[in-house]
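# Observations on chain architecture
Listed below are the residues making up each chain.
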Amino acid sequence: MLRRASFRPRHGFTTIESLIAAVVFLVGLAGLLGALVQARGATGQARRLMQATDVANDLAEQIQLWNFDDPRLAANAALCANDPLDKDRKLHKPGTGDYNAYVACMHGELMLRLGGASFGGLQRAAFRDEDKVESRGETVYQRYYIVRTETVRDGVQRMQVWVKVLYMDAGEPRVVTTQTMRVQMGGV
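Let me sum up the structure you'll find in this document. Only a predicted model underlies this, so the values are computations on that prediction, with no experimental measurement involved.

Conventions adopted
- Numbering of residues begins from 1 in every chain and follows the order in which that chain's sequence is written.
- Confidence filtering applies because this is a predicted model: local features only for residues at pLDDT of at least 70, side-chain atom pairs given and counted only at 80 or more, and all residues used for totals across whole chains, interfaces and linings.
- The side-chain numbers reported here are obtained from all heavy atoms of the structure, hydrogens and water having been left aside.
- Two rings from Phe, Tyr or Trp (for Trp, the six-membered ring) form a pair when their centres are within 6.5 Å of each other. A pair whose planes differ by under 30 degrees is stacked, one over 60 is edge-to-face, and the rest are tilted.
- A run of DSSP states H or I qualifies as a helix once it reaches four residues; a run of E qualifies as a strand once it reaches two. Both are numbered from the N-terminal end.
- We call a charge positioned above a ring when the Lys NZ or Arg CZ atom is no farther than 6 Å from the ring centre and deviates by at most 35 degrees from the ring normal.
- Being paired, for any two strands, means DSSP has found at least two bridges between them.
- Within 3.5 Å is the distance limit for a polar contact, defined as a pair of N or O atoms, with the added protein rule that one can donate a hydrogen and the other accept it, and that residues adjacent in sequence qualify only through two side-chain atoms.
- In this description, contact between two residues means that some pair of their heavy atoms is separated by no more than 4.5 Å.
- Residue burial is assigned from relative accessible area. The probe radius is 1.4 Å, only protein chains are included, and a residue is buried under 20% of its type maximum, exposed over 50%, and partly exposed in between.
- Count a disulfide wherever a pair of cysteine sulfur atoms falls within 2.5 Å.

Overall, the coordinates contain 3 aromatic pairs when judged by the stated rule. Here Y141 and Y167 contribute two aromatic rings whose centre-to-centre distance is 5.2 Å and whose plane-to-plane angle is 55°, an arrangement assigned as tilted. Of the two residues, Y141 is situated in the loop between β2 (138-140) and β3 (142-153) and Y167 in strand β4 (residues 156-169); the sequence distance between them amounts to 26 residues. Each member of the aromatic cluster is reached from another via a ring pair, and the members are F127, Y141 and Y167. Sitting over the ring of W66, R72 keeps its end group 3.9 Å from the ring centre.

Laid out in structure tokens, this is it:
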């Protein structure tokens, strides 16, 4: 009589099971890596938005320190003053005639030091950016402001100032706008 070999179950994985497990692991790892890259990009965009907001607030705070009759607070032309929020999104179309006309209408960097006036805010609105390789890893923010003055009643003057900060992010123009208001009582 022939003896039969006893069947013992083998412990461990077969080669096919190991390959399938490795493929599933690599697919999961690729998805995780994609999510990390996307999160890093979103973090960079949020950081640039926060920096632009800080630049805008810095300029608005500096404007609050200027005298009401400071020549840097001269009223802007109607193109800007009548549409300070840029409802037609002219500033989102760089290189067009509308963009150039709107930018020319606003007060910019040169106006901040008009007539040798001191400017205590950020001297250069640019920040190092680790996740950008173009432009030497730096985001440059362009500062502008629009002034509209009106007499409300009994010689009371109200000055509205809109501060705009322009920058490029992911190849697209971005604009941050903030507003400040000043009031001067009549006869003061």
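From this point, things continue past the structure.
Of the pairings in the sheet, the one linking β4 to strand β5 (residues 172-184) comprises 13 bridges and is antiparallel in character. Residue pairing for β5: Y167 is matched across the bridge by R174. Between β4 and β5, which pair antiparallel one after the other, the connecting turn spans 2 residues, and A170 there sits at a positive phi close to 55°.

In this structure, N76 sits in the loop between α1 (15-65) and α2 (78-81). Looking at N76, its side chain comes within polar contact range of the main-chain oxygen of C105, at 2.8 Å. At 3.3 Å, the side chain of N76 forms a polar contact with the side chain of H107. Beyond its immediate sequence surroundings of up to four residues, N76 is in contact with A81, C105, M106, H107, Y145, I146 and V147.

With that settled, consider the pairing of β4. Most of β4 is tucked away, with 11 of its 14 residues classed as buried. Bridge count between β3 and β4: 11 bridges; the pairing is antiparallel. When the sheet's bridge partners are listed, Q142 is paired in β4 with L166. The turn joining β3 and β4, which pair antiparallel and follow one another in sequence, is formed by 2 residues; a positive phi near 45° is taken by D154.

Scanning the model with the defined rule gives 1 disulfide in all. Shown here is the disulfide that connects C80 with C105, its sulfur atoms set 2.2 Å apart. With C80 in helix α2 and C105 in helix α3 (residues 97-105), the pair connects residues that are 25 residues apart, well separated along the chain. The exposure classification of C80 matches that of C105, with both residues buried.

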